[in-house]
Amino acid sequence: MERQVYRTLSRDSGLSQSSLQRLFRSYLSRSPELSVKPALKERTYLLIDGSYFPGNLCIVLYMDHALGYVQLYRNSDGERYSEIYEDLMNLRTLGVEVYSVTCDGHHSILKAVRKAFPEAIIQRCLVHIKRQVKTYLSARPQSDAGKDLLRISRRLTYITTHEQSALWLLEMHQWEQHYKAYVNARSNNPISGRYWYTHKNVHSAYRLIKNAAPYLFAYLDDGQIPNTTNKLEGHFAHLKEKLTLHHGLRTAARKAFIKWYLHFKNGGIR
């Protein structure tokens, strides 16, 4: 979990570098399995997020928010509906009853949650929405529509009451009415007949917020529902930093390294 070089490891352990290398190879030839931990409460508030790593590797994590514990993970090459659905059903079989899911809104995750836990409440990650809107619009949009939409999106993570959420939705509706023609303006190729949205980035940012709107404020009804996936993103950022230090690992060893990392992050015993 910390950055150490062979020189200091040899000094502290009394083992030679070659002995340490054999020891690490032994560890990376096998890996621990995660075990599901009983929930602290009857309701499980689940965080789901996926992140991509070099070598066409995608890691999907399932964390119990109250426990801060990764109950399950998936090695894959993408966030796939069939795999996420299988993972959720495995959690259900193991006695995890999911009350809410906080995620970034990936269609595969949403579809799998609705199938595996149809009664579960879905909460979109507000930080992800703000970040994606800024990516579409840039930090300094040129159009008035873009400037206003960026300003509205920035207020999203400061909403703490139903009254504030109602005012935010009203402001969003007013923006939509004011800029409707601008957002839906199309350009076309008269030869091919194909068209595209003239102000594509503003349109994409608007559609992102519009589609997420039904899932933005579930946390206001239950303070235990997390409104971001920041806990998981912290895991991913730290893990990527560690893997960068070991960029020479082969694929199998990298996957084993990730399992050991999650094992120790969960409080596993050496």
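Residues numbered from 1 in each chain as written. Predicted model: local features only at pLDDT ≥ 70, side-chain atom pairs only at ≥ 80, totals over all residues. Heavy atoms only, no water.

A.B. asks: Hey, could you go over the overall build of the protein chain for me, with residue numbers and the actual values?
C.D. replies: Along the backbone of the protein chain there are 11 helices and 7 strands. When the 270 residues of the protein chain are sorted by exposure, 42% land in the buried category. For the protein chain, the share of sequence-separated contacts (at least 6 apart) that also reach a separation of at least 24 residues comes to 61%. Looking at charge distribution, the protein chain has the averaged site of its 39 positive side-chain charges lying 8 Å from that of its 23 negative ones. (Helix = DSSP H or I, 4+ residues; strand = E, 2+ residues; numbered from the N terminus. Buried < 20%, exposed > 50% of the residue type's maximum accessible area, 1.4 Å probe, protein only. Contact = heavy atoms within 4.5 Å. Lys, Arg positive; Asp, Glu negative; His and termini not counted. Charge placed at Lys NZ, Arg CZ, Asp CG, Glu CD.)

A.B. asks: I'd like a description of the environment of Ser10, backed by residues and values.
C.D. replies: Inspection of the secondary structure assignment puts Ser10 in helix α1 (residues 6-13). A sequence separation of 130 residues divides Ser10 from Arg140, and the C-alpha atoms of the two residues are 52 Å apart. In this structure, Ser10 is in contact with Leu15, Ser16, Gln17 and Leu20, ignoring residues within four places of it in sequence. In terms of polar contacts, Ser10 uses its side chain to reach the backbone carbonyl oxygen of Leu15, at 3.2 Å. (Polar contact = N/O pair within 3.5 Å; in protein donor to acceptor, adjacent residues only side chain to side chain.)

A.B. asks: Lay out the sheet that holds strand β2 (residues 57-64) with the relevant residues and their values.
C.D. replies: Strand order in the open sheet formed by 5 strands is β3-β2-β1-β4-β5, and the pairing between neighbours is mixed. Here the strands that pair on one side only, and so sit at the sheet edges, are β3 (69-76) and β5 (121-124). Averaged over neighbouring strand pairs, the angle between their axes works out to 20° when direction is ignored. Across 7 bridges, the pairing between β2 and β3 is antiparallel. Note on β3: the bridge partner recorded for Tyr62 is Leu72. (Pairing = 2+ DSSP bridges. Axes fitted to C-alpha atoms, helices over the stretch in contact; angles between N-to-C directions.)

A.B. asks: Could you give an account of helix α10 (residues 230-245), naming the residues involved and the relevant values?
C.D. replies: Relative to the 22 Å expected for 16 residues at 1.5 Å per residue, α10 spans 23 Å between its end C-alpha atoms, a close match to the ideal helical length. Burial in α10 covers these residues: Leu232, His235, Phe236, Leu239, Lys242 and Leu243. Along α10, the residues classed as buried sweep out an arc of 130° about the axis, all on the same side. On the buried face of α10, the contacting elements are β1 (44-53), β2, β3 and α11 (251-265). (Expected span 1.5 Å × (residues − 1). Arc of directions from axis to C-beta.)

A.B. asks: With reference to specific residues and values, describe the packing of aromatic side chains.
C.D. replies: This model, assessed by the stated rule, comprises 11 aromatic pairs. Centroid distance Tyr81 to Tyr85: 6.0 Å. Interplanar angle 20°. Geometry classified as stacked. In this pair, Tyr81 and Tyr85 are both assigned in helix α3 (residues 81-93), 4 residues apart and thus about one turn of the helix distant. Its relative accessible area of 24% is what places Tyr85 among the partly exposed residues. (Phe/Tyr/Trp six-rings, centres within 6.5 Å; stacked < 30°, edge-to-face > 60°.)

A.B. asks: Which residues make up the nonpolar core, and what are the values?
C.D. replies: Residues Trp168 and Trp175 are the most contacted members of the largest nonpolar core, which totals 28 residues. Among the secondary structure elements, those contributing two or more residues to this core are α5 (126-137), α6 (144-154), α7 (162-178) and α9 (200-212). Leaving out residues up to four positions away in the same chain, Trp168 has contacts with Ile152, Arg155, Leu156, Ile159, Ile209, Leu216 and Phe217. Counting 21 residues, the second largest nonpolar core, distinct from the first, contains Tyr62, Leu91, Cys103 and Ala120. (Core = buried A, V, L, I, M, F, W, Y, C linked by side-chain atoms within 4.5 Å.)

A.B. asks: Outline the packing of α10 against α11, listing residues and values.
C.D. replies: α11 packs onto α10 with a crossing angle of 135° between their chain directions and a minimal axis gap of 11 Å. Between α10 and α11, the crossing angle belongs to the class labelled oblique. When you trace α10 past α11, the crossing you get is right-handed. From α10, His235, His238, Leu239, Lys242 and Leu243 reach across to α11, where they touch Arg254, Phe257, Ile258, Tyr261, Leu262 and Lys265. For the contact of α10 with α11, the per-class residue count stands at 6 nonpolar, 2 polar and 3 charged. (Parallel < 35°, antiparallel > 145°, perpendicular 65-115°, else oblique. Left-handed = near helix turned anticlockwise from the far one by under 90°. Nonpolar A, V, L, I, M, F, W, Y, C, P; charged D, E, K, R; others polar.)

A.B. asks: Can you explain the pairing of β2? Please cite residues and give values.
C.D. replies: The element β2 is extensively covered by neighbouring structure, given that 8 of its 8 residues are classed as buried. Across the two faces of β2 the burial is the same, with Leu57, Ile59, Leu61 and Met63 and Cys58, Val60, Tyr62 and Asp64 all buried. Bridge count between β1 and β2: 8 bridges; the pairing is antiparallel. Considered in β2, the bridge of Leu47 is made with Met63. Hairpin remark: β1 followed by β2, antiparallel, with 3 residues in the connecting loop; positive phi at Gly55, about 85°. The antiparallel pairing of β2 with β3 creates a hairpin that spans 4 residues between the two strands, and Gly68 there sits at a positive phi of about 65°.

Nothing here speaks to function; it is geometry throughout.
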